[in-house]
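A look at the structure
This is what each chain is made of:
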Amino acid sequence: MSDIPFGFNSADRDPDDEGGREPGRGDGPRDPFGFGNLPGMPAGGLPGFPGMPGGPGGPGGFDVNQLGQMLTQLGQMLSQAQGSGSGPVNYDLAAQLARQQLAATTSSLTGAQRAAVSDAVKLAELWLDAATEFPAGATETKAWSASEWVDASMPTWKRLCDPVAQRVSGAWVEAMPEEVRAAAGPMIAMLGQMGGLAFGSQLGNGLAQLAAEVVSSTDIGVPVGPDRVAALLPENVEKFTKDLDRPASEVMIYLAAREAAHHRLYVHVPWLRERLLGTVEEYARGIRVDTSRIEELARGIDPSNPAAIEEAMQSGMFEPETTPEQKAALARLETLLALIEGWVDAVVAEAVGERLPGAEALRETLRRRRASGGPAEQTFATIVGLELRPRRLRAAAELWRLLGEQRGAAGRDALWAHPDLIPSADDLDDPAAFVARDELGDPIAELEKLANRPAPKGEGEDEKDAGGDEGPAKA
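Read on for an overview of the structure. Keep in mind the model is a prediction, meaning the values are calculated, not measured.

Of regular secondary structure, the chain possesses 19 helices and 4 strands. Of all 475 residues assigned to the chain, the portion counted as buried reaches 49%. When contacts within the chain are restricted to residue pairs at least 6 apart in sequence, long-range pairs at least 24 apart make up 75% of them. Taken as a whole, the chain presents about 22,200 Å² of accessible surface, with 51% of it coming from carbon and sulfur.

Below is the structure:
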């Protein structure tokens, strides 16, 4: 199994990291099953496995006395997996690990920090009113610690992670020959539970790292918290501000404006969140596993030899292939995320540009933060293999800016009225050409034309049957 969730390559993996260790996983040798730093687990992971302290090939040789301890710990972990539901990821474990790793670096927020967040969001909302037709979307403002961000974001991570994890954890079982599945019997269910624990452990580590960086509930491009709740993380904002030559209040207001703008867009474009998450699910449905590879490796595995199992798991045997359908889904997801971030970038620049002296510098800093592997890129690359390309983000921001100049805020924002009206990936290649397109017309008028178009004959007959004496509208 891969060192990162769901078998994808991490964009920020350090090739010089000897021993394959990751932050938060302990100082011992890497645990091939991904359990690294489970509560109550020794630093080296499960004892008694090859290459680990006490295991064959490890320091001191095999220690029979550790066998009982290993089985007890494994039983406890599987009991925990059974008690946390039947999903593909143990989210209880993920949240527990993330909170444990954050406990030493976070503290309770002060009243002054909470007041600063509230004041910044109020001022940002006031400035945004003149820059967009969408009214305020957030009805509540929160200041979160990193641990509070983990708890508040977990429902969204379930929605994002479940489809991919479900397919990855089940695809290799489905690909097994029938006789192999029959012989494995209860072992398959146990492996599923162990997979849920491994995914949960890896997700927990990732969320802990992400929670130490994000500055708001929308820092990854989609609101991960409750609906209509604008939230900033004051401690992370303070860390972000340390490297900038700008007043802390100015940085807080700029980030609050971005947070508030995201909520305006997501609240008043009702199809947006579902389209974004639905594209992730569409990607997951296309996951396939190389069955010939599984069969080839399975023939050489000795079930009584843990070393053979470990070697198979590390060989990429369970990693998914990327299909053309998946590539198309990822391209659509990348374009949609770029359009969201580009709209926020353009609207915030218009709202605060003349009011905050350092607005343009902060805008460029955030763009470079994304380009150098910020939270959004790393997280989506880990979950669905997606990286937001800065070129597309800049192109999207330029497109929305040009639309605002030519059509005003109302004409620009009206394109979000329907998913068929928003720019495509090809449009981002030449924003000026899209804005100058004659057939773009009035988005609302285009929607009215679609609504008034006569229904096909078959649909009209159905409406007549369902509506009694009223027949279909005449052309």
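By the secondary structure assignment, Ser217 is in the loop between α6 (186-211) and β2 (229-232). Relative accessible area serves as the criterion here: at 1%, Ser217 is assigned to the buried category. Sequence-distant contacts of Ser217, defined by excluding residues within four places in its chain, comprise Trp144, Val222, Pro223, Val224, Gly225, Val229, Ala231, Glu259 and His263.

In this section: the nonpolar core. Counting 98 residues, the largest nonpolar core has Trp149, Trp157, Leu272, Trp343, Val352, Trp400 and Trp416 as the members making the most contacts within it. Sorting elements by how many residues they give to this core places helix α12 (residues 324-352) first, with 15 residues. Each residue touching Val352, except ones within four places of it in the same chain, is listed here: Trp127, Tyr254, Ala257 and Ala359.

Okay, the packing of aromatic side chains next. A complete count under the given rule lists 4 aromatic pairs for this structure. Centre to centre, the rings of Trp149 and Trp157 are 6.4 Å apart; their planes meet at 65°, and the pair counts as edge-to-face. In this structure, Trp149 and Trp157 share a single accessibility class: buried.

Next up on the list: the packing of helix α3 (residues 111-128) against helix α8 (residues 248-268). Closest axis-to-axis distance for the α3/α8 pair is 8 Å, and the angle between their directions is 60°. In this view, α3 runs oblique relative to α8, as classed from their interaxial angle. In terms of crossing hand, the pair formed by α3 and α8 is right-handed. Of the residues in α8, those in contact with Ala116, Val117, Ala120, Val121, Leu123, Ala124, Glu125, Trp127 and Leu128 of α3 are Met252, Ile253, Ala256, Ala257, Ala260, Ala261 and Arg264. Counted by class, the contact of α3 with α8 contains 14 nonpolar, no polar and 2 charged residues.

Side chains bearing opposite charge may pair, as long as their charged atoms lie close to each other. Enumeration over the complete set of coordinates arrives at 22 salt bridges. The closest approach of N and O atoms between Glu140 and Lys142, which form a salt bridge, is 3.2 Å. For Lys142, a relative accessible area of 36% translates into the label partly exposed. Here Arg394 and Glu364 are joined by a salt bridge, their closest N and O atoms 2.8 Å apart.

With that settled, the discussion passes to helix α2 (residues 91-102). The end-to-end C-alpha separation of α2 is 16 Å, in line with the 16 Å expected for 12 residues at 1.5 Å each. Taken together, the buried positions of α2 are Tyr91, Leu93, Ala94, Ala95, Leu97, Ala98 and Leu102.

Further remarks concern the environment of Gly342. One can find Gly342 in helix α12. Here the alpha-carbon distance between Gly342 and Trp400, two residues 58 residues apart in the chain, equals 6.9 Å. In this structure Gly342 touches Leu393, Ala396, Ala397 and Trp400, once residues within four positions along its chain are discounted.

Now for the side chain of Glu235. Here Glu235 is to be found in helix α7 (residues 234-242). Put simply, Glu235 is tucked away with no salt bridge, and the nearest opposite charge, on Lys239, sits 7.0 Å away.

With that settled, the discussion passes to the packing of α7 against α8. Across the interface, α7 lies against α8 with an axial gap of 10 Å and an inter-helix angle of 120°. One element, α7, and the other, α8, form an angle in the oblique class. By crossing handedness, the relation of α7 to α8 is classed as right-handed. Together, Val237, Phe240 and Thr241 of α7 and Ala248, Val251, Met252 and Leu255 of α8 make up the contact between the two elements.

Before going further, it helps to examine unusual backbone geometry. In this structure, Arg228 is a non-glycine residue whose phi angle is positive, near 60°. Here Arg228 shows up in the loop between α6 and β2. Judged by relative accessible area, which is 35%, Arg228 ranks as partly exposed.

Parameters at a glance
- Residues numbered from 1 in each chain as written.
- Predicted model: local features only at pLDDT ≥ 70, side-chain atom pairs only at ≥ 80, totals over all residues.
- Heavy atoms only, no water.
- Helix = DSSP H or I, 4+ residues; strand = E, 2+ residues; numbered from the N terminus.
- Buried < 20%, exposed > 50% of the residue type's maximum accessible area, 1.4 Å probe, protein only.
- Contact = heavy atoms within 4.5 Å.
- Areas by Shrake-Rupley, 256 points an atom, 1.4 Å probe, with all protein chains shown as cover.
- Core = buried A, V, L, I, M, F, W, Y, C linked by side-chain atoms within 4.5 Å.
- Phe/Tyr/Trp six-rings, centres within 6.5 Å; stacked < 30°, edge-to-face > 60°.
- Axes fitted to C-alpha atoms, helices over the stretch in contact; angles between N-to-C directions.
- Parallel < 35°, antiparallel > 145°, perpendicular 65-115°, else oblique.
- Left-handed = near helix turned anticlockwise from the far one by under 90°.
- Nonpolar A, V, L, I, M, F, W, Y, C, P; charged D, E, K, R; others polar.
- Salt bridge = Lys/Arg side-chain N within 4 Å of Asp/Glu carboxyl O.
- Expected span 1.5 Å × (residues − 1).
- Lys, Arg positive; Asp, Glu negative; His and termini not counted.

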